[in-house]
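The chain contents come next:
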Amino acid sequence: MLVILRLLRQKYRSMSEAVNFEIDETGEDGVSLRFAGNLIITEIGDMDSRLRKLDYPVSSIDLSGVSRIDTIGAWIIERTAREHQAQILHANDEAARLLQRVSEQQVENIPKLFNPIPIKRILHEIGDAVVTSTRTMIAFMGFIGQVVISFLTILIHPSRLRLNALVMRFEFVGLRALAIVGLMSFLIGIVIAQQGAVQLRQFGAEVFTINLIGRLTFRELGVLMTAIMVAGRSGSAFAAQIGTMKITEEIDAMRTIGVSPIEALVLPRTLATIMWMPLLGFYASIMAIIGGGLLCWIVLEIPPATYIQRLREVTPLTDFYIGLIKAPVFGAIIAMAGCFQGLQVKNNAEEVGLKTTAAVVQAIFLVIVLDAFFAVFFSGIGWD
Amino acid sequence: MTSNQNVIEVSDLRNAFGEHVVHEHLNLNVRRGEILGVVGGSGTGKSVLMRSIIGLQQPSAGDIRVLDENLLDDDTRNDNEVRRRWGVLFQGGALFSTLTVAENVQVPLREFYPHFDQELLDEIAMTKILLSGLPADAACKFPSELSGGMKKRAGLARALAMDPELLFLDEPTAGLDPIGAAKFDGLTRELQETLGLTVFLITHDLDTLHAICDRVAVIADKEIIAIGKIEELLKSKHPWIHEYFSGPRGRAANQGYG
């Protein structure tokens, strides 16, 4: 505590030991300012604002009592002298040299940034957002096209597939996600079973909890929750990795060497995610069913054998197919959104963060929109 | 003011990364008001030396005093006081990428003098920006909009923000065209003269050494093998120094200033 206080006192000492000036009013066409002490940044304190508040003419500035001066002190003297058209007297060599140096420069005000009235600004921002999102959408379409073309090229020349990169992504996207996806799904299974049991008990229909678990996990939640987890884990990582490479000019280096960034960076990531999503989705569903089964066994006293028996009766195979069909599509969207946003990074480190966030938001949003389409579609073809 | 004539005193410095020893028994004194050039082959630890002096690299042994303060001991009370009195220009400028040039210059000022008005801060920033040779309209630009040379000047403006007594420059002219490099040299000399700076300058640029350095220190074999005026170094028999100053580039620079 004492140390902190001492540090603070040190830091603000400059305020109390402010350099001072006296006002001598004997002059005819204005007052004379007589400065004393050190005109250096550490001792200036509030001198600047006091000088700005002078509202009578100053005819001369006397520096004879000044022992040390720095550029900031010199600038304040120079500015005051310029504003009042005052003469500077008795400046020592050091002060004269600095004043000379400072007066040579035409110090202009820093141009103010564009800052219109609020209502205009709101309209401006809305317009800006509309234009940006439209542009992003078109660019994203173009990007998907590029990825597809690059994929077709690889189908024709399979030797150009970067197997090492693909395997590395396999490990990151899939293998290392197993623990967290498994735990998450297991808990979700428990939550569904518990909520189902509480609600359905009111109708004496606890046994339908099994329908709820089986159908919901295979058809919707298994894949959807996996997609959200993968978007948060891998989509964001893709955006951050590629974004950083963009800033360090690695992507430009690739292009000049003749390596296509789409082929080298985007395709391995996309393929890995597409291949892993169905596996992870299925695995998540199974974990949710185990979690739900555990709760049914403990709370509803349904033994595992009965649980599985019932599950097989009520869950149609089409639910499993639906999950399996949706998963790779979601995977493709997540990976491509991540890589796309990464490639949009320009200029600075803040952009990497912004684009990473954008990648996750965009991926989850698109996944949920697509999921709604899939739901309508599969009902339409009679898979309900 | 201190009566000590040495602004930086490094004694018996040892720096090692794992098994790899960079400095061993390195001694160096920098005198008040001089421009000291530090040269040495790539990988001899010039930047590591600078990082040790400014406290970014913890040496494994040795003693470093900067402006009469030991930055390595546990007593951190006066450390910020020292940081307020020096300015550092990193190789790439190391500007904060999300701030404009003017805001970059104001960062140290805001940190140490929070009571300054925005108006004064803007004026100080502008003074420093012009002082470092940038045009006025660079003030509201972001670092990504600047060329390499302008970034260095903006970095210099930030280093000068607090009117330091001591200025560290890490390869200030690397990557600049010869005209820009010569201008930067002139600027360094001029600032040193008007502001009474002490400059610790790491460089590979033989022209810079000839043009502005009062003394030159040579790092080789993990220590400072020679330090002195450039004419003295030219007479040195050490093979590396001989090759450095008498190689084709060294000879050309020599003739230019001969």
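As the structure is a prediction and not an experimental result, all values here were calculated from the model.

S.K.: Mind showing me how you'd approach the overall build of chain B here?
M.R.: A tally of helices and strands in chain B yields 10 helices and 10 strands. For chain B, the proportion of its 258 residues judged to be buried stands at 56%. For chain B, the proportion of contacts with a sequence separation of at least 24, taken over those separated by at least 6, is 66%. In the structure as shown, chain B presents an accessible area of about 10700 Å², 49% of it carried by carbon and sulfur atoms.

S.K.: I would appreciate a short explanation of the overall build of chain A in the present structure.
M.R.: When helices and strands are tallied, chain A shows 14 helices and four strands. Split into buried and exposed, the 384 residues of chain A put 42% on the buried side. Here the analysis covers contacts within chain A between residues at least 6 apart in sequence; of these, 81% occur between residues at least 24 apart. Surface accessibility of chain A: about 20600 Å² in total, with carbon and sulfur atoms responsible for 65%.

S.K.: Help me out: how do you make sense of the sheet that holds strand S1 (residues 6–17) of chain B in this one?
M.R.: Strand pairing in a sheet takes place through backbone hydrogen bonds and is either antiparallel or parallel in direction. All names here are of chain B. Ordered in space as S2-S1-S4-S5, the four strands form an open sheet in which the pairing is antiparallel. Looking at the sheet topology across the chains shown, the edges are occupied by strand S2 (20–31) and strand S5 (69–70). With five bridges joining them, S1 and strand S4 (residues 61–66) adopt antiparallel strand pairing. Each bridged residue has a counterpart across the sheet, and for Glu-9 the counterpart in S4 is Arg-65.

S.K.: Before we go on, may I ask you to explain the pairing of strand S10 (residues 223–228) of chain B in this structure?
M.R.: Within a regular beta strand, the side chains point alternately toward one face of the sheet and then the other, so they alternate between its two faces. All names here are of chain B. Pairing of strand S9 (residues 215–220) with S10 involves five bridges; the strand directions are antiparallel. Across the sheet, the residue bridging to Ala-220 is Glu-223, located in S10. Hairpin connection between S9 and S10: a loop of two residues separates the two successive antiparallel strands, and Asp-221 in this loop has a positive phi of roughly 50°.

S.K.: Explain empty space enclosed by the protein here, please?
M.R.: A water-sized probe, rolled over the atoms, reveals where empty space remains. All names here are of chain A. In this structure the tally under the stated criterion is two cavities of 30 Å³ or more. Taken as a whole, the largest cavity holds about 60 Å³ of empty space. What lines the largest cavity is Phe-218, Val-223, Pro-278, Gly-281, Phe-282, Ser-285, Phe-320, Gly-323 and Leu-324. Contributions of two or more residues to the lining of the largest cavity are made by helix H9 (209–247), helix H11 (261–300) and helix H13 (317–344). Per element, the largest residue contribution to the lining of the largest cavity is four residues, and it comes from H11. Partitioned by chemical class, the residues of the lining of the largest cavity number six nonpolar, three polar and no charged. Reported here for the second largest cavity is a volume of approximately 40 Å³.

S.K.: Explain the packing of helix H4 (residues 71–84) of chain A against helix H5 (residues 93–104) of chain A to me, please; I cannot follow it from the model alone.
M.R.: Each pair of packed helices can be described by the angle between their axes along with the distance between the axes. Residue and element names in this part refer to chain A. Running from N to C, H4 and H5 point in directions that differ by 65°, and their axes come no closer than 9 Å. Judged by the sense of rotation from one axis to the other, the crossing of H4 with H5 is right-handed. The segment H4 lies against H5, with Thr-71, Ala-74, Trp-75, Ile-77, Glu-78 and Arg-82 engaging Leu-98, Leu-99, Val-102 and Ser-103. Counted by class, the contact of H4 with H5 contains six nonpolar, two polar and two charged residues.

S.K.: What am I meant to see in unusual backbone geometry here?
M.R.: A negative phi holds for most residues other than glycine; trans holds for most peptide bonds. The backbone phi angle of His-90 of chain A is positive, close to 55°, even though this residue is not glycine. Assignment of secondary structure puts His-90 of chain A in the loop between strand S4 (87–89) and H5. In this structure, Leu-67 of chain B is a non-glycine residue whose phi angle is positive, near 50°. Considering the arrangement of structural elements, one finds Leu-67 of chain B in the loop between S4 and S5. On the accessibility criterion, Leu-67 of chain B (5% relative accessible area) is buried.

S.K.: Looking at this structure, how should I read helix H14 (residues 349–380) of chain A?
M.R.: Note that an α-helix has 3.6 residues per turn; residues three or four places apart therefore point the same way. Residue and element names in this part refer to chain A. A rise of 1.5 Å per residue sets the reference length of H14, with its 32 residues, at 46 Å; its end C-alpha atoms lie 47 Å apart and thus fit the reference within 8%. Tucked into the core, H14 has its buried residues touching helix H6 (118–156), H9 and H13. Backbone geometry just after H14 places Gly-382 at a positive phi near 85°.

Procedures and definitions
- Residues numbered from 1 in each chain as written.
- Chains lettered and ligands numbered in written order.
- Predicted model: local features only at pLDDT ≥ 70, side-chain atom pairs only at ≥ 80, totals over all residues.
- Heavy atoms only, no water.
- Helix = DSSP H or I, 4+ residues; strand = E, 2+ residues; numbered from the N terminus.
- Buried < 20%, exposed > 50% of the residue type's maximum accessible area, 1.4 Å probe, protein only.
- Contact = heavy atoms within 4.5 Å.
- Areas by Shrake-Rupley, 256 points an atom, 1.4 Å probe, with all protein chains shown as cover.
- Pairing = 2+ DSSP bridges.
- 1 Å grid on protein atoms, 1.4 Å probe; cavity = no way out; pocket = protein on both sides within 12 Å on 5 of 7 lines; lining within 4 Å.
- Points joined across faces, edges and corners; volume = space filled by probe spheres on them.
- Nonpolar A, V, L, I, M, F, W, Y, C, P; charged D, E, K, R; others polar.
- Axes fitted to C-alpha atoms, helices over the stretch in contact; angles between N-to-C directions.
- Left-handed = near helix turned anticlockwise from the far one by under 90°.
- Expected span 1.5 Å × (residues − 1).

Worth remembering: the numbers are spatial, not functional.
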